[in-house]
Amino acid sequence: NIERLFIQKRAERTFFTHPDAGPILRDLHDSGQAGIGALVGGLEREYASYLNSTWRPSAMLKVDRKLRDTKLKLDLLGSEGEDPQVVDRRAASEVERRLAHLGKTYKDFHANFLLHQVKAPFVAMTRTKAHVVDQQLRACRVHVGGLYSQQGFQGNGIDARSKIE
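What you are looking at is a predicted structure, and each value in this text was computed from that prediction instead of being measured. (Residues numbered from 1 in each chain as written. Predicted model: local features only at pLDDT ≥ 70, side-chain atom pairs only at ≥ 80, totals over all residues. Heavy atoms only, no water.)

Caption draft 1: Region of interest: the overall build of the protein chain. The helix and strand tally for the protein chain stands at 6 helices and 2 strands. For the protein chain, the sequential pattern of α-helices and β-strands runs α-α-α-α-α-β-β-α. Looking at the protein chain as a whole, 8% of its 165 residues qualify as buried. Contacts in the protein chain between residues far apart in sequence, at least 24 positions, make up 23% of those at least 6 positions apart. Put simply, the protein chain shows about 14,300 Å² of open surface, and 60% of that area lies on carbon and sulfur atoms. (Helix = DSSP H or I, 4+ residues; strand = E, 2+ residues; numbered from the N terminus. Buried < 20%, exposed > 50% of the residue type's maximum accessible area, 1.4 Å probe, protein only. Contact = heavy atoms within 4.5 Å. Areas by Shrake-Rupley, 256 points an atom, 1.4 Å probe, with all protein chains shown as cover.)

Caption draft 2: A look at the pattern of salt bridges. Counted according to the given criterion, the structure contains 4 salt bridges. In this structure, R97 engages D69 in a salt bridge whose closest nitrogen and oxygen atoms are separated by 3.3 Å. Residue R97 is located in helix α4 (residues 84–99), and its partner D69 is located in helix α3 (residues 36–77); the two are separated by 28 residues in the primary sequence. In this structure R97 comes out as partly exposed when scored by relative accessible area, which is 32%. The residue R138 makes a salt bridge to D134 at a minimum N-O spacing of 3.0 Å. Placement of the pair is R138 and D134 together in helix α5 (residues 103–151), with a separation of 4 residues, close to one helical turn. A relative accessible area of 33% places D134 in the partly exposed class. Each of D69, E94 and R97 takes part in a single network of salt bridges with overlapping partners. (Salt bridge = Lys/Arg side-chain N within 4 Å of Asp/Glu carboxyl O.)

Caption draft 3: Main features of the packing of aromatic side chains. Per the counting criterion, the structure on display carries 2 aromatic pairs. When the ring of F15 is compared with that of F16, the centres are 5.1 Å apart and the planes differ by 80°; the resulting orientation is edge-to-face. Note on F15: relative accessible area 47%, which makes it partly exposed. Ring geometry for Y47 and Y50: centres 6.5 Å apart, planes at 25°, overall stacked. (Phe/Tyr/Trp six-rings, centres within 6.5 Å; stacked < 30°, edge-to-face > 60°.)

Caption draft 4: A look at the packing of helix α1 (residues 2–17) against helix α2 (residues 22–30). Between α1 and α2, the least distance of the axes is 8 Å, while the angle of their chain directions is 140°. As far as their axial angle goes, α2 and α1 are oblique. Packed against α1, whose contacting residues are E12, F15, F16 and T17, the element α2 presents L25, R26 and H29 at the interface. For the contact of α1 with α2, the per-class residue count stands at 3 nonpolar, 2 polar and 2 charged. (Axes fitted to C-alpha atoms, helices over the stretch in contact; angles between N-to-C directions. Parallel < 35°, antiparallel > 145°, perpendicular 65-115°, else oblique. Nonpolar A, V, L, I, M, F, W, Y, C, P; charged D, E, K, R; others polar.)

Caption draft 5: Broad picture of the layout of surface pockets. Taken as a whole, the largest pocket holds about 240 Å³ of empty space. Around the largest pocket, the lining is made up of 13 residues, and of these L5, K9, E12, I36 and G37 lie nearest the centre. Within the residue set of the lining of the largest pocket, elements represented by two or more residues are α1 and α3. Class assignment of the residues belonging to the lining of the largest pocket gives a composition of 7 nonpolar, 3 polar and 3 charged. (1 Å grid on protein atoms, 1.4 Å probe; cavity = no way out; pocket = protein on both sides within 12 Å on 5 of 7 lines; lining within 4 Å. Points joined across faces, edges and corners; volume = space filled by probe spheres on them.)

Caption draft 6: Structural view of α3. Remark: the principal bend of α3, roughly 45°, maps to W55, with a proline, P57, within the next four residues. Turning to α3, its buried residues number three or more, namely A38, G41, G42, A59 and L72. (Bend = angle between axes of the 7 residues up to and from the residue.)

No statement about biological role is implied by the geometric values presented.
Okay, here's the thing in structure tokens:
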């Protein structure tokens, strides 16, 4: 409580000004290096140092981040009559800013996912289906060619079998 601090201050002044205190203690008290005032001064310096070295930078980062996020939200709302392409560019740059920390890791994962989970199975399936279709077409061609040759079909003087092959 404040009253107690004033009582302590008066008691210190009495102690340090008393002849029994000695010249060294008086000099230390007078220069602010002894007593409650010295303690308070040291605490204030250390607290200010802590605030400037630890708390302030992290607090400023949080404030800056909140300011940017709020500005983005406001920008994404756009203004009446604003070009939609401008809004889209702003949104794209914000996505890039937010995902930039993922960098190479995300891009590598994305490329590997596309290659191994999408592209490779699609290519394999397409090749298999193309092979099956090719076999079916060959079989059909052989069958149709056999039918034409059995019936000896010729149209306009051209062998229909040669058209199929």
